[in-house]
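Take a look at the letters that make up each chain.
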Amino acid sequence: MPRLTDVDKRLLAALRTDGRAPIAALAEQLGVSRATVSARIERLTAHGVIVGFTVRVRDHAEASQIRAVSFIEVEGRTTDHVIGELRGFPEIQALHTTNGGWDLVAEIVCTDLSEFDDVLRRMRGIPGVVNSETSLLLSSVVR
């Protein structure tokens, strides 16, 4: 992975704000040429720094979804097995390793509480999962 320059970092911040911003607008905002912006986006994408572009929607558009964060503790050397099992859960939008008291953090999205309850049951039933703590996300104040 290439070392990120100040221009790269400012470009990534601008793209996080508006991933559909025109190259010309980004170039003007960053004080560089359009060719520089295009080349940097291409390089950052080729090196896996930029992994995709997406759409963000307001909370009210997803009001019917149940969103949660689950902290998961795994037993001994079973982390790879647990990660492999959790990758098969379509309700898990992201899975992170972490340090401290918990080994994994899962971001969960479900259509209703029944589905949410089922996800927790299946997750806690995976061999190697010894403890979990899950919090429902009520509203997003910064995204």
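Just so you know, these numbers come straight off a predicted model, no measurement behind them.

(A) Structural context of the sheet that holds strand 2 (residues 92-97). Reading across from one edge, 2-3-1-4 is the order of the four strands in this open sheet, with antiparallel pairing throughout. Since the sheet does not close on itself, it has two edges, and those belong to strand 2 and strand 4 (129-136), each with one partner. Neighbouring strand axes in the sheet, compared pairwise and without regard to direction, differ in orientation by 20° on average. With five bridges joining them, strand 2 and strand 3 (residues 104-110) adopt antiparallel strand pairing. Considered in strand 3, the bridge of T97 is made with L104. Along the sheet, helix 5 (residues 113-124) contacts strand 1 (66-74), strand 3 and strand 4; its crossing angle with strand 4, the most-contacted strand, is approximately 155°.

(B) Spotlight on the environment of V109. As for its placement among the helices and strands, V109 is situated in strand 3. Take V109: its relative accessible area is 22%, and that puts it in the partly exposed class. For the pair V109 and H96, spaced 13 residues apart in sequence, the C-alpha to C-alpha distance is 15 Å. Residues within four places of V109 in sequence aside, it is in contact with Q65, I66, R67, E91 and Q93.

(C) The arrangement of the packing of helix 1 (residues 6-17) against helix 2 (residues 23-30) in detail. One way to put it is that helix 1 packs onto helix 2 with a least axis distance of 11 Å and a crossing angle of 130°. In terms of orientation, helix 1 and helix 2 fall into the oblique class. Note that helix 1 runs across helix 2; the crossing there is right-handed. In this structure, helix 1 contributes R10, L11, A14 and L15 to the contact, and helix 2 contributes L26, Q29 and L30. In terms of residue class, the contact of helix 1 with helix 2 is made up of five nonpolar, one polar and one charged.

(D) Geometry of the packing of aromatic side chains. If you walk through the whole model with that rule in mind, you get one aromatic pair. Residues F71 and W102 carry aromatic rings whose centres are separated by 6.3 Å and whose planes lie at 40° to one another, so their mutual orientation is tilted. Note that F71 is positioned in strand 1 and W102 in the loop between strand 2 and strand 3, a separation of 31 residues in sequence. For F71, a relative accessible area of 27% translates into the label partly exposed. Under the relative-accessibility criterion, W102 is labelled partly exposed at 22%. Above the face of the F89 ring, R122 is positioned so that its terminal group lies 4.5 Å from the ring centre.

Cut-offs and rules
Residues numbered from 1 in each chain as written. Predicted model: local features only at pLDDT ≥ 70, side-chain atom pairs only at ≥ 80, totals over all residues. Heavy atoms only, no water. Pairing = 2+ DSSP bridges. Helix = DSSP H or I, 4+ residues; strand = E, 2+ residues; numbered from the N terminus. Axes fitted to C-alpha atoms, helices over the stretch in contact; angles between N-to-C directions. Contact = heavy atoms within 4.5 Å. Buried < 20%, exposed > 50% of the residue type's maximum accessible area, 1.4 Å probe, protein only. Parallel < 35°, antiparallel > 145°, perpendicular 65-115°, else oblique. Left-handed = near helix turned anticlockwise from the far one by under 90°. Nonpolar A, V, L, I, M, F, W, Y, C, P; charged D, E, K, R; others polar. Phe/Tyr/Trp six-rings, centres within 6.5 Å; stacked < 30°, edge-to-face > 60°. Lys NZ or Arg CZ within 6 Å of the ring centre and 35° of its normal.

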